[in-house]
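The chain contents come next:
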Amino acid sequence: MQAVAPASHVDALQRIRTLLGQAGCIDAPELTARFLTDFRSLYRGATPFVACPATTAEVAQVLALCSAARIAVVPQGGNTSYCGGATPSARGDQLVLSLHRLNRIREVDAANFSLIAEAGCVLLNVQAAARSVDRLFPLSLGSEGSCQIGGNLSTNAGGLAAVRYGVTRDLVLGLEVVLADGRVIDGLSSLRKDNTGYDLRDLFIGAEGTLGIITAASLKLFPQPRTIETAFIAVPGMQAAIDLLARLREATGDCVTTFEYLPRIAVEFTVCHIPGVSDPLGAPHPAYVLCEVSTARHDPHLRGLLEDALAAAMDHGAVIEATFAESLAQREALWRLRESVPEAQRHEGASIKHDVSVPVAALPAFLHKASTAVAQVAPCARLVAYGHVGDGNLHFNLSEPAGGGDRTAFLALQEDLGHAVHACVQEFRGSISAEHGIGQLKRELLARHKDPVALAAMRSIKQALDPRGILNPGKVLPD
Ligand code: FAD
Ligand code: MLT
Ligand code: ZN
């Protein structure tokens, strides 16, 4: 049901319309629809209109008006959140603020290994801007063609190169942020060292739009890799994969850039559903690792180091067989296989996702324990546990039973399955949300699993920075 807006709301909304003009307001239902539901179609919201400011000053003015009239604001980037973080409530009184028009690269500084991008820059374009000066911006996600750097920062996204370069937080030098009342923090520093008081930057990273609106970021760049070796490696299971990771890090001088684990079922799903994807190895194997090793120098020995390390691992039973990408096309094919797993899983019907992390060394024990636990709750569910094991992060996903007959019964088990998985996570002192955030999907989980003192401190910070509670209400913090 649409809420009836009080007069001050109506006035403020009208002033925002006048401020942004036609180009900055999206009204038509056929155009607003894509802003009002999330990528997984778990939530459907409503909004008076979608506000699309084109400058930081416009964002600031919109927030000042919203703050005065107590209008809630839901910042939105590429809208690829997995937990409904960017979807407004269904009441229709929360203003969606899309950052997509703030899409300029303000500065690229090759000598300082940094660039400044506005929040609405699509991640692919940030990567391209770095490449244009022979630098690397290493954040890489399956959604990189549509997610925006402001969304990546606000979710502290992880992705496929975190094992080498860290998560988004590790790639930031400074931020420009509009506070709830419209004041702007100009923290767009490109400094590597700056110990001048509290680090406010880190508060906004991963805050999912609940503490301020990020309008621009100063980001770290790296040398472009000159030598890249990509291998698809069959392994007996998770323990072997973890042993292999340590072996490869040592043997290559810590040059492992990507280390992604795929169980057989994930490969079968992609081969079955994603056009052009084929099994890189002839015979089926229990599990695989997509491993990329790279260095910023021309290194003719890197391949040899990798081959020797794999051969030694084979002698110890940690590797069954492996294939190397011999061309860019083959490398892209291997990456396509990995990045298509979420899409392939969608073709297999309903899925229940758990984005969890535990210490890397605990992954084998966790996988065994959690698999046993879910099999007791839902014996026919198909486990697709894959992901960024180099970071201790598993997408412990379950697909509905083959054939789809029991979909309703399967989905009814969601809560019980979550309890089973998260109890194991807790046992290993892991996280119930490794990289996808909390949004509206995991608020109750946060209440159950976060240290209560930490939660209280989070509430105090929220109160200090957003005393009127207008920034993305209903997200992250439990009621
Ligand atoms: P949105 O979905 O628009 O927003 C996310 C949150 O940030 C919301 O709470 C929103 O309110 C807030 N927000 C957005 N912009 C701003 C801003 N400028 N200021 C303040 N708050 C803001 N995630 C990973 O971590 N690793 C992966 O490997 C990964 N793979 C994915 C693969 C696919 C195919 C898909 C669909 C998603 C994947 N994700 C992954 C999840 C998602 O892409 C990331 O969370 C991404 O960082 C979200 O960016 P976005 O621009 O789409 O943000
Ligand atoms: C991925 O790594 O592919 C995504 O973060 C996980 C998912 O889509 O479930
Ligand atoms: Zn992921």
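Scroll up to find the structure this text is about.
(A) Here's a closer look at the overall build of the chain. Across its full length, the chain carries 17 helices and 19 strands. Over its C-alpha trace the chain gives a radius of gyration of 23 Å, about what one expects of a compact globule, namely 23 Å for 479 residues. When its C-alpha atoms are laid out on the principal axes, the chain stretches across 75 × 60 × 45 Å. Looking at the chain as a whole, 54% of its 479 residues qualify as buried. Accessible surface, the chain as shown: approximately 20,200 Å² in total, 54% of it carbon and sulfur. Across the chain, the mean location of the 42 positive side-chain charges is 5 Å away from that of the 49 negative side-chain charges.

(B) Local environment of the coordination of the zinc ion (ligand 3). Around the zinc ion (ligand 3), the protein contributes the donor atoms H388 (NE2), H395 (NE2) and E435 (OE), at 1.9 to 2.1 Å from the metal centre. We note that the donor set of the zinc ion (ligand 3) lies within a single chain, spaced as H-x6-H-x39-E. Taken as a pair, H388 and H395 share a single burial class, namely buried.

(C) Geometry of helix 13 (residues 363-377). Look at helix 13: 21 Å from first C-alpha to last across 15 residues, which is about the 21 Å you get at 1.5 Å a residue. Looking at the buried residues of helix 13, the elements they touch are helix 8 (238-251), strand 13 (256-263), strand 17 (355-357), strand 18 (382-386), strand 19 (393-399) and helix 15 (414-427).

(D) Expanded view of the site of ligand 1. As a structural note, the neighbourhood of ligand 1 is formed by 35 residues, with P75, G77, G78, T80 and S143 the closest of them. For ligand 1, an oxygen atom lies 3.1 Å from a polar atom in the side chain of N472. In isolation ligand 1 exposes 980 Å². Once the protein is present, 96% of that is buried. Looking at the shell around ligand 1, the elements that each hand over two or more residues are strand 3 (72-76), helix 5 (149-155) and strand 10 (213-220). No other element matches helix 5, which puts five residues into the shell around ligand 1.

(E) Up close: the side chain of T56. Along the chain, T56 turns up in helix 3 (residues 56-69). Non-local contacts of T56, meaning those with residues more than four positions away in its chain, are made with L102, R106, E176, V178, V184 and T215.

What counts and what doesn't
Residues numbered from 1 in each chain as written. Chains lettered and ligands numbered in written order. Predicted model: local features only at pLDDT ≥ 70, side-chain atom pairs only at ≥ 80, totals over all residues. Heavy atoms only, no water. Helix = DSSP H or I, 4+ residues; strand = E, 2+ residues; numbered from the N terminus. Rg over C-alpha atoms; globule rule 2.2 N^0.38 Å. Buried < 20%, exposed > 50% of the residue type's maximum accessible area, 1.4 Å probe, protein only. Areas by Shrake-Rupley, 256 points an atom, 1.4 Å probe, with all protein chains shown as cover. Lys, Arg positive; Asp, Glu negative; His and termini not counted. Charge placed at Lys NZ, Arg CZ, Asp CG, Glu CD. Donors = N, O, S within 2.8 Å, 3.2 Å for Na, K, Ca; no water. Expected span 1.5 Å × (residues − 1). Contact = heavy atoms within 4.5 Å. Near = heavy atom within 4 Å. Polar contact = N/O pair within 3.5 Å; in protein donor to acceptor, adjacent residues only side chain to side chain.

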